[in-house]
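Read off the chains here:
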There are 2 protein chains.
Amino acid sequence: MARYSVNSLARLVEHFERMPGIGHKSAQRLAFYVLNLKKEEADAFADAIRTAHEKIKKCSRCCNLAEDELCSLCKDSGRDESVICVVEDPRDVMAFERTHEYEGTYHVLHGVISPMNGIGPEDITVKELLARTGDGKLQEVIMATNPTVEGEATAMYISRLLKPMGIKVTRLAYGVPVGADLEYADEVTLTRALEGRRVL
Amino acid sequence: MARYSVNSLARLVEHFERMPGIGHKSAQRLAFYVLNLKKEEADAFADAIRTAHEKIKKCSRCCNLAEDELCSLCKDSGRDESVICVVEDPRDVMAFERTHEYEGTYHVLHGVISPMNGIGPEDITVKELLARTGDGKLQEVIMATNPTVEGEATAMYISRLLKPMGIKVTRLAYGVPVGADLEYADEVTLTRALEGRRVL
């Protein structure tokens, strides 16, 4: 930034610049936004960062984000504990919750098995998932990892561990997304949509 | 966010969501980025926000951003004090400094006169600029407000105050931006570029 700089501003810009999808110009805009906040607002923002980082842990049961020992979903006695929906990321839990259709519990893997990136089953929460199979209540595990090569491989790996225990393992349906234009659907998706066709 | 939420996460997302150009999805991505930071990094980020907000004030002379009484440019004895470049925003100072061509001083208006938005001359730093004209050193004021209706009006307003004092007031040249495609230049810009043509 040439000869001229304001140290504490430059440092703030740097922090924003490290964030995903934020370039130098955006980082500068965000830093100026912070400068123009009222003192209470800036303090509240700084506190929110610190608090979120300190308070949020993994739920000891489903590994979802939680502020207490158990996450709010595991605490909820109204959820159907005979079903576990296995997802990669806490954001996927939020996505399913937005449907208002799923009443079961979740398990968050916090990643996928990816030999290319040196991530094995022990680096994600497979062990914690297996620990949940022993209570006799569990009937079905829905594999809801992403429809990517690594998501598929992870779903396959986990299903091979669970099937011998007599647990039903299912996978999300593949097909064309609702509202999409068939013209732009890729071949693999269309093939899967044909394979999975249903009688009307 | 449906029935499910983690309070401190939701609060952090809210803070990011208020920022310019950040929608809900981006805010969520940024909040998760913060959660995945190391503790020291998250603390440093929170500190950077607090520190920047506390430390950065207006330079008592040019109204640029400063951590001390004077900004680093006003402290610099190597700058030519006979010229003041008047800009709307501290970011414009950074833009001029990046050219490495300007050796004079600056004056930051922190806005433009805009009757539509209820911003008059007393809401920007016109008074502080006039206070700088009395020392006898000043020879030229370059009006470098944005080439917008309000920027023009502000430049005209200030030039009318300064001219009677015998100070030379200039305006940035208008023309086609370097590297641009003439085909896409608007009529007003092209007209101004023609008017301002020079002998080669």
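Residues numbered from 1 in each chain as written. Chains lettered and ligands numbered in written order. Predicted model: local features only at pLDDT ≥ 70, side-chain atom pairs only at ≥ 80, totals over all residues. Heavy atoms only, no water.

(A) Quick look at the nonpolar core. If you look at the biggest cluster of nonpolar residues, it comprises 48 residues, and the most contacted ones within it are Leu9 and Phe16 of chain A together with Leu9 and Phe16 of chain B. Elements with a minimum of two residues in this core: helix H1 (7-17), helix H2 (24-35) and helix H3 (39-55) of chain A together with helix H1 (7-17), helix H2 (24-35) and helix H3 (39-55) of chain B. Each residue touching Leu9 of chain B, except ones within four places of it in the same chain, is listed here: Ile56, Leu65, Glu67 and Met94 of chain A together with Ala31, Phe32 and Leu35 of chain B. (Core = buried A, V, L, I, M, F, W, Y, C linked by side-chain atoms within 4.5 Å. Buried < 20%, exposed > 50% of the residue type's maximum accessible area, 1.4 Å probe, protein only. Helix = DSSP H or I, 4+ residues; strand = E, 2+ residues; numbered from the N terminus. Contact = heavy atoms within 4.5 Å.)

(B) Layout of the packing of aromatic side chains. A full pass over the atoms with the stated rule returns six aromatic pairs over all chains. Note on Phe16 of chain A and Phe45 of chain B: the rings are 5.4 Å apart at their centroids and 90° apart in plane angle, and the pair reads as edge-to-face. Here Phe16 of chain A, found in helix H1, pairs with Phe45 of chain B, found in helix H3, and the two come from separate chains. Between Phe96 of chain A and Tyr106 of chain A, the ring centres sit 6.4 Å apart and the planes meet at 45°, which makes this aromatic pair tilted. Here Phe96 of chain A, found in helix H5 (residues 90-99), pairs with Tyr106 of chain A, found in strand E4 (residues 104-108); they are 10 residues apart in sequence, far enough to count as distant. Taken together, Phe96, Tyr102 and Tyr106 of chain A form an aromatic cluster joined through their ring pairs. The ring of Phe32 of chain B carries the charged tip of Arg91 of chain A above its face, separated from the ring centre by 4.2 Å. (Phe/Tyr/Trp six-rings, centres within 6.5 Å; stacked < 30°, edge-to-face > 60°. Lys NZ or Arg CZ within 6 Å of the ring centre and 35° of its normal.)

(C) Focus on the domain arrangement of chain A. Per the domain assignment, the segments of chain A are domain 1 (7-55) and domain 2 (76-199). Its C-alpha centre places domain 1 of chain A at a distance of 35 Å from the equivalent point of domain 2 of chain A. (Domains from an automatic or database assignment.)

(D) Region of interest: the relation of the copies chain A and chain B. Overlaying chain A with chain B gives an RMSD of 0.1 Å, the required rotation being 180° about an axis along which the chain moves by 0.0 Å. Taken together, these values place the two copies in the relation of a two-fold axis. Residue Ala46 of chain A of chain A places its C-alpha closer to the rotation axis than any other residue of that unit, at 2.1 Å. Looking at chain A, 100% of its interface residues are interface residues in chain B too, so the copies touch through the same face. (Least-squares fit on C-alpha atoms with pLDDT ≥ 70 in both.)

(E) Quick peek at H1 of chain B. Among the residues making up H1 of chain B, those that are buried are Ser8, Leu9, Leu12, Val13, His15 and Phe16 of chain B. One side of H1 of chain B holds all its buried residues, which, seen down the axis, span an arc of 160°. (Arc of directions from axis to C-beta.)

(F) Region of interest: the pattern of salt bridges. Under the definition given, this model contains 22 salt bridges over all chains. As a salt-bridge pair, Arg18 of chain A and Glu14 of chain A come within 4.0 Å of each other at their nearest N and O atoms. For Glu14 of chain A, a relative accessible area of 42% gives the class partly exposed. As a salt-bridge pair, Arg91 of chain A and Asp89 of chain A come within 3.0 Å of each other at their nearest N and O atoms. Here the salt bridges do not stand alone but share partners, grouping Lys39, Asp43 and Asp47 of chain A together with Arg50 and Glu54 of chain B into one network. (Salt bridge = Lys/Arg side-chain N within 4 Å of Asp/Glu carboxyl O.)

(G) Quick peek at the confidence of the model for chain A. With 98% of its residues at a pLDDT of at least 70, chain A reaches an overall mean of 90. Of all secondary-structure elements in chain A, the lowest mean pLDDT belongs to helix H8 (residues 187-195) of chain A, at 84, while E4 of chain A reaches the highest, 95. (pLDDT = per-residue confidence, 0-100.)

(H) View of the interface of chain A and chain B. Counting residues at the interface gives 60 residues for chain A and 60 residues for chain B. Taken together, the connections running from chain A to chain B amount to six salt bridges. Across the pair Glu54 of chain A and Lys39 of chain B runs a salt bridge, and its minimum N-O distance is 4.0 Å. Across the contact surface, chain A and chain B share eight residue pairs in polar contact (both at pLDDT 80 or more). For the side of chain A that touches chain B, the residue count by class is 30 nonpolar, 11 polar and 19 charged. (Polar contact = N/O pair within 3.5 Å; in protein donor to acceptor, adjacent residues only side chain to side chain. Nonpolar A, V, L, I, M, F, W, Y, C, P; charged D, E, K, R; others polar.)

(I) Main features of the packing of H2 of chain A against helix H5 (residues 90-99) of chain B. Running from amino to carboxyl end, H2 of chain A crosses H5 of chain B at an angle of 145°, the nearest separation of the two axes being 11 Å. Two secondary-structure elements touch here, H2 of chain A through Lys25, Gln28, Arg29 and Phe32 of chain A and H5 of chain B through Pro90, Arg91, Met94 and Arg98 of chain B. Tallied by class, residues from the contact of H2 of chain A with H5 of chain B come to three nonpolar, one polar and four charged. (Axes fitted to C-alpha atoms, helices over the stretch in contact; angles between N-to-C directions.)

(J) Spatial organisation of the sheet that holds strand E5 (residues 140-143) of chain B. Residue and element names in this part refer to chain B. With parallel pairing, the four strands of this open sheet are ordered in space as E4-E3-E5-E6. The sheet terminates laterally at strand E4 (104-108) and strand E6 (168-171), the two strands that pair on one side only. Put simply, the sheet's adjacent strands are angled 25° from each other on average, direction ignored. Sheet topology places E5 next to E6; four bridges connect them, and they run parallel. Among the inter-strand pairings, Met143 is bridged to a residue of E6, identified as Arg171. On the sheet, H5 packs against strand E3 (80-87) and E4 and is oriented at approximately 160° with respect to E4. Of the strands in this sheet, E5 and E6 touch helix H7 (residues 149-162), which is tilted by about 170° from E6. (Pairing = 2+ DSSP bridges.)

(K) Geometry of the pairing of E5 of chain B. Of the two faces of E5 of chain B, the one holding Glu140 and Ile142 of chain B and the one holding Val141 and Met143 of chain B are both buried throughout. The parallel pair E5 of chain B and E6 of chain B, bridged by H7 of chain B, forms a crossover whose chirality is right-handed. (Right-handed = clockwise from strand over helix to strand, strands pointing away.)

(L) Looking closely at the side chain of Thr133 of chain B. All names here are of chain B. With respect to the helices, strands and loops of the structure, Thr133 is situated in the loop between helix H6 (126-131) and E5. A polar contact of 2.5 Å, which involves the side chain of Thr133, links it to the backbone oxygen of Leu130. Aside from chain neighbours lying at most four places away, what touches Thr133 is Leu138, Leu162, Met165 and Ile167.

(M) Inspection of a negative patch on the surface at higher detail. Taken together, the side chains of Asp76, Asp80, Glu101 and Glu103 of chain A make up a negatively charged region of the molecular surface. Looking at the element boundaries, Asp80 of chain A is found in strand E3 (residues 80-87). (Patch = residues over 30% accessible without salt bridge, like charges linked within 9 Å, V, L, I, M, F, W, Y side chains within 5 Å. Areas by Shrake-Rupley, 256 points an atom, 1.4 Å probe, with all protein chains shown as cover. Lys, Arg positive; Asp, Glu negative; His and termini not counted. Charge placed at Lys NZ, Arg CZ, Asp CG, Glu CD.)

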